[in-house]
Amino acid sequence: MPLSNNKNYTLSDGFAIMMPYRDIFNEEITEQEVIKTIKSLNKREVLAATCKLGNVLENHGHMNRELQHGLINELFHNEQDKSKILKVFKSSPDRFLFFEQQLLHLIKLTLEHGNPYAKKKLNDTANFDLYLKKCVIPCGDLLNREYESDKNMDNPNRRLQLDALLKEVIRNAYFNSTEQFRYLFTRNYEILFNIAKSDRAIKSENYIDLESLYKKAKNHTLEEAYVLGFSLLAHYANVNIYKDKIDLNNFEINKNVYFNELKYSKYKAIKYLNKLTLSNSLDSSNKIYDFITLRQKPLIKISKDVYMPTSVRFVKERISSGIFWDIWDSLEKSERYRLARFYGELFEEYEQNLFQRMLGNDNEYKVFNELTYGKSHKKTSDIIIVYKNVAFFAEINTSKLKMVDTAINGDLEGYRKDLEKIVLNSVKQIDRSIKDFKRKEFRLEGVESKDIKAFVPIIVTINPFPQADLIWIEEILPLIENNKYLNGKNVESLTILSAEETEMMEAYTNTEYSFGDLIVNRLMRNEFKYKPMKHFLLALKFGEVEPRNDFLKKRFDEVFILSKKILFNK
C-alpha cells in the first residue's frame, strides 16, 4: 500500500497519552519491582482499590481531565510526588495518569502474585501512596514497553515505524471504544425481545428461537438474565465518590445480603452471579494486553461471599451484548453460521427501523430499504436515503471484529482481515449499487438519477470501528483506491458509523440538526473527517446536555418495569 510520506503521525492523533512513570520520576521501573510491591501489600485491598478506581473512571468518564486532576489531588498524600505529577499534567494537556488498561494489568498481576496475608493495609496513607506510585503508575509503562521496543528497532524503515504506531492506535481504539450503556443495553433489548419475534424474523429461513437456546444453555430466561444484570449495574452506578479511596460501601456485593430483599429465587440469582465470576485461575495467556478472560468473567471474589467488578464496562458488555455470545458459545460450529446470519438480519432490521423513525416523518427525505432487481436478483445497499439532490448509500455490517488479535498479539493480520471483511466488502456492494443506479438498472420511486449531484457512501457497523488519521490515510483509503472503488463522478468520501452513533444521530435529529447536515458537515471539517462521528457529535454539544434518544429511553423504562415485576413482584 502506498504511504503518505508527507504526513507525520503521533500517538496523540485522536487519543489521550498516558503519563509514564519515567517522565514523572526520571527513572525506569521493572516488572519485578512492581510485583515485589504488590506482594508486600494486602491482596484484597489492592484488588478493591484498583477495581474501585476503574469504576470511578467508568462512571465519570475515562477521558475526563477534571476527574484526573481531582484524583491526583485527593489520592496522593506525598506532596513531593504529587507536585511532580501535577507538573507533568499541567505541561502536557493530553496526558492522563489513570486509564483502564493500566488498571486491568495491575489486576492481572495482583491475581497472580498478590499475597492475601500481607499485613500492609491501604488505610495507612504511606502504603496507599506506595500502591499508587509503585503499582498503579508503572503498569502503564509496562504496557507501553512493547510499542517502545517496536518503535526503536535498529534502523527501522518507515513502514515498520508506521506498523508499530498502528498497532498501538488499534489497541487503544479497541480497548477504549466504550459505548454508552443506555444505547448498548437497550439496543440489545430491542433486538432480542422485539425484533427477534417480529413477523419478518420468524419468516426468515435463518430463524432461530433465541429464547429457547438461551434457556437451554443457561437455565434461566432471557428476561431473567436481563433484569438480574440490570440489578448489578444499578448497584455499581452508585459508586461515584472517589475521595473515599478503598471504602467498600456501595461497591462490593455480598451474596448473603444483596439478594435478601428479592422475591425472586435467591439461589438462581447467586447462580447467575457466579456465571459472571472469574474462577481461581485467570486462565490467561502471557500476552500483556490479554484481558479476554476478564472480559468474559468481569466479576472477581475478594472473599468467600463478596464480589467486585474488575471492570464495570466489561459487566455492561456481558449483561447486554454478551447474551448473544452466551448463545453462540452453546452452539456447535455449524450452527453458529446460521446464528450469525440470523443476528445479522435482526441488526439490519433494527437499523432500517431506526432510519425510518429518524427520517420517515421528514418530507425532505426519502428512505428505501434493500431492493432486489435484475434477472440475477442483485440487491441494492441495505438502506438508501435521498435528501434533495444527495443520495446516501448505506451498508450494514455485523461482522465480529478480529482486531483482538492485533490488540493482544500485536499482529496486524487480524486488523487487515477486518478491513477486507468489514470495509472492503461493504464498499464493493455500495460501489456496485451506486453504479447500477446511475445506469438505471434499478429505480427509486420519485427519484431521478440525473438529479443526484452527490453520492455519499456509508457503512454502519454493529461495534465501534477504530478510526484515526493514521488508520484512514495509511490503511482504509489505499485499500479502497487500490481496488478502484468509490471513484465515480460525484462520489464523496466514505463515512463509517457505529450502531451507537446512528442512535446518537437519531437523538440529535430530534433537535436542530438534520441527518444530511451531520454527515456532510463532519466530512467538511478536516479535524473530524477521519475521526469517529461520535467525536463530532459531542463537539457540537460541548458543555451542554447531550440529546436523549426517546425511543431507546422508552425501551430502557420497559426494562425497569420488567425488573420490578420479576425481582420484586411489583
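Structure: above.
None of these values were measured; they are calculated from a predicted model.

Enquirer: Explanation requested: the environment of Gln 180 in the structure shown.
Expert: Mapped onto the secondary structure, Gln 180 falls in the loop between helix H8 (158-176) and helix H9 (181-193). When the C-alpha positions of Gln 180 and Lys 316 are compared, they lie 9.4 Å apart, and in sequence the two are 136 residues distant. Discounting residues that sit within four places of it in the chain, Gln 180 has contacts with Glu 500, Met 504, Lys 534 and Glu 546. A polar side-chain atom of Gln 180 sits 2.8 Å from a polar atom in the side chain of Arg 182. A polar contact of 3.5 Å, which involves the side chain of Gln 180, links it to the side chain of Glu 546.

Enquirer: What exactly am I supposed to notice about the pattern of salt bridges here?
Expert: Pairing between side chains of opposite charge can happen when the charged atoms of each approach one another. Throughout the structure, instances matching the rule amount to 41 salt bridges. The salt bridge partner of Lys 134 is Glu 27, with a shortest N-O separation of 3.9 Å. Here Lys 134, found in helix H7 (residues 125-151), pairs with Glu 27, found in the loop between helix H1 (21-25) and helix H2 (31-40); they are 107 residues apart in sequence, far enough to count as distant. Looking at Glu 27, the relative accessible area reads 38%, which means it is partly exposed. A salt bridge links Arg 313 to Glu 100, with the shortest nitrogen-to-oxygen separation between them at 2.5 Å. In this pair, Arg 313 is assigned in helix H16 (residues 312-318) and Glu 100 in helix H6 (residues 100-113), connecting sequence segments 213 residues apart. Given a relative accessible area of 9%, Glu 100 falls into the buried group. When salt bridges with common partners are traced through the structure, they connect Lys 378, Arg 432, Asp 436, Arg 439 and Glu 441 into a single cluster.

Enquirer: Would you mind showing me how to read the sheet that holds strand E12 (residues 495-498) here?
Expert: Consider a sheet: its strands pair through backbone hydrogen bonds, and that pairing is either parallel or antiparallel. The strand order across the open sheet built from 5 strands is E6-E9-E10-E11-E12, with neighbouring strands paired in mixed fashion. At either end of the open sheet lies a strand with only one pairing partner, and these are strand E6 (365-369) and E12. The mean inter-strand angle of the sheet, taken between neighbouring strand axes irrespective of direction, is 20°. In terms of strand pairing, E6 meets strand E9 (residues 383-387) through 5 bridges, oriented antiparallel. Bridged to Val 367 within E9 is Ile 385.

Enquirer: Looking at this structure, how should I read the packing of H9 against helix H25 (residues 550-568)?
Expert: The packing of two helices is summarised by the inter-axis angle and the distance between the axes. Contact geometry of H9 with H25 gives a least axis separation of 9 Å together with a crossing angle of 75°. Judged by the angle between their axes, H9 and H25 are roughly perpendicular. For the pair H9 and H25, contact is made by Phe 181, Tyr 183, Phe 185, Thr 186, Arg 187, Tyr 189 and Glu 190 and by Phe 551, Leu 552, Arg 555, Phe 556, Glu 558 and Val 559, respectively. Split by residue class, the contact of H9 with H25 holds 8 nonpolar, 1 polar and 4 charged.

Enquirer: Is there a simple way to think about empty space enclosed by the protein in this case?
Expert: Empty space left among the atoms is revealed by rolling a probe the size of a water molecule over them. Tallying each qualifying case throughout the model produces 3 cavities of 30 Å³ or more. In this structure, the second largest cavity spans a volume of roughly 70 Å³. In terms of lining residues, the second largest cavity is bounded by 13 residues, among which Gly 54, Asn 55, Glu 100, Thr 310 and Ser 311 are the most central. Take the lining of the second largest cavity: its biggest share by element is 5 residues, from helix H3 (residues 43-60). Classifying every residue of the lining of the second largest cavity by side-chain character gives 4 nonpolar, 6 polar and 3 charged.

Enquirer: Looking at this structure, I do not really get the environment of Thr 509. What am I missing?
Expert: Note on placement: Thr 509 falls in the loop between helix H22 (499-508) and helix H23 (515-524). Along the backbone, Thr 509 and Met 358 are 151 residues apart, and their C-alpha atoms lie at a distance of 7.0 Å. Ignoring sequence-local partners within four residues, the contact set of Thr 509 consists of Met 358, Ser 514, Phe 515 and Leu 518. Separated by 2.9 Å, the side chain of Thr 509 and the backbone oxygen of Glu 506 make a polar contact.

Enquirer: Even after reading the chapter, I still don't get the sheet that holds strand E3 (residues 253-254), so can you show me in this structure?
Expert: Across the sheet, 3 strands lie side by side as E3-E5-E4; this open sheet has antiparallel pairing. At either margin of the open sheet sits one strand with a lone partner, and together these are E3 and strand E4 (299-301). Of the pairings in the sheet, the one linking E3 to strand E5 (residues 306-309) comprises 2 bridges and is antiparallel in character. By the bridge assignment for E5, Asn 254 is matched with Val 306.

Enquirer: Explain the pairing of E9 here, please?
Expert: In summary, the side chains of a regular strand alternate between the two faces of the sheet. Extensive coverage of E9 is indicated by the burial of 5 of its 5 residues. Neither face of E9 is open: one carries Ile 383, Ile 385 and Tyr 387, the other Ile 384 and Val 386, and all of them are buried. Pairing geometry for E9 and strand E10 (residues 390-397), over 5 bridges, is antiparallel. In the sheet register, Ile 383 faces E10, and the bridge partner there is Ala 394.

Enquirer: What is the right way to read the side chain of Asp 163 from this model?
Expert: Within the secondary structure, Asp 163 sits in helix H8. Reaching out from Asp 163, the side chain makes a polar contact with the side chain of Arg 416 at a distance of 3.3 Å. Residue contacts for Asp 163: discarding those within four places in its chain leaves Leu 412 and Arg 416.

Enquirer: When you look at the packing of aromatic side chains in this model, what are you seeing that I'm missing?
Expert: Given two aromatic rings, their pairing is described by the distance between the two centres and the angle made by the two planes. All chains considered together, the criterion is met by 31 aromatic pairs. Measuring from ring centre to ring centre gives 4.7 Å for Phe 324 and Trp 325, while their planes differ by 80°; the resulting arrangement is edge-to-face. By relative accessible area, Phe 324 is classed as buried at 9%. On the numbers, 5.5 Å between centres and 70° between planes, the contact of Phe 528 with Phe 536 is edge-to-face. As far as the burial class goes, Phe 528 and Phe 536 line up, both buried. One aromatic cluster is present, formed by Phe 181, Phe 185, Tyr 189, Phe 193, Tyr 226, Phe 230, Phe 556 and Phe 560 through successive ring pairs. The ring of Phe 89 carries the charged tip of Arg 65 above its face, separated from the ring centre by 4.0 Å.

What counts and what doesn't
Residues numbered from 1 in each chain as written. Predicted model: local features only at pLDDT ≥ 70, side-chain atom pairs only at ≥ 80, totals over all residues. Heavy atoms only, no water. Helix = DSSP H or I, 4+ residues; strand = E, 2+ residues; numbered from the N terminus. Contact = heavy atoms within 4.5 Å. Polar contact = N/O pair within 3.5 Å; in protein donor to acceptor, adjacent residues only side chain to side chain. Salt bridge = Lys/Arg side-chain N within 4 Å of Asp/Glu carboxyl O. Buried < 20%, exposed > 50% of the residue type's maximum accessible area, 1.4 Å probe, protein only. Pairing = 2+ DSSP bridges. Axes fitted to C-alpha atoms, helices over the stretch in contact; angles between N-to-C directions. Parallel < 35°, antiparallel > 145°, perpendicular 65-115°, else oblique. Nonpolar A, V, L, I, M, F, W, Y, C, P; charged D, E, K, R; others polar. 1 Å grid on protein atoms, 1.4 Å probe; cavity = no way out; pocket = protein on both sides within 12 Å on 5 of 7 lines; lining within 4 Å. Points joined across faces, edges and corners; volume = space filled by probe spheres on them. Phe/Tyr/Trp six-rings, centres within 6.5 Å; stacked < 30°, edge-to-face > 60°. Lys NZ or Arg CZ within 6 Å of the ring centre and 35° of its normal.

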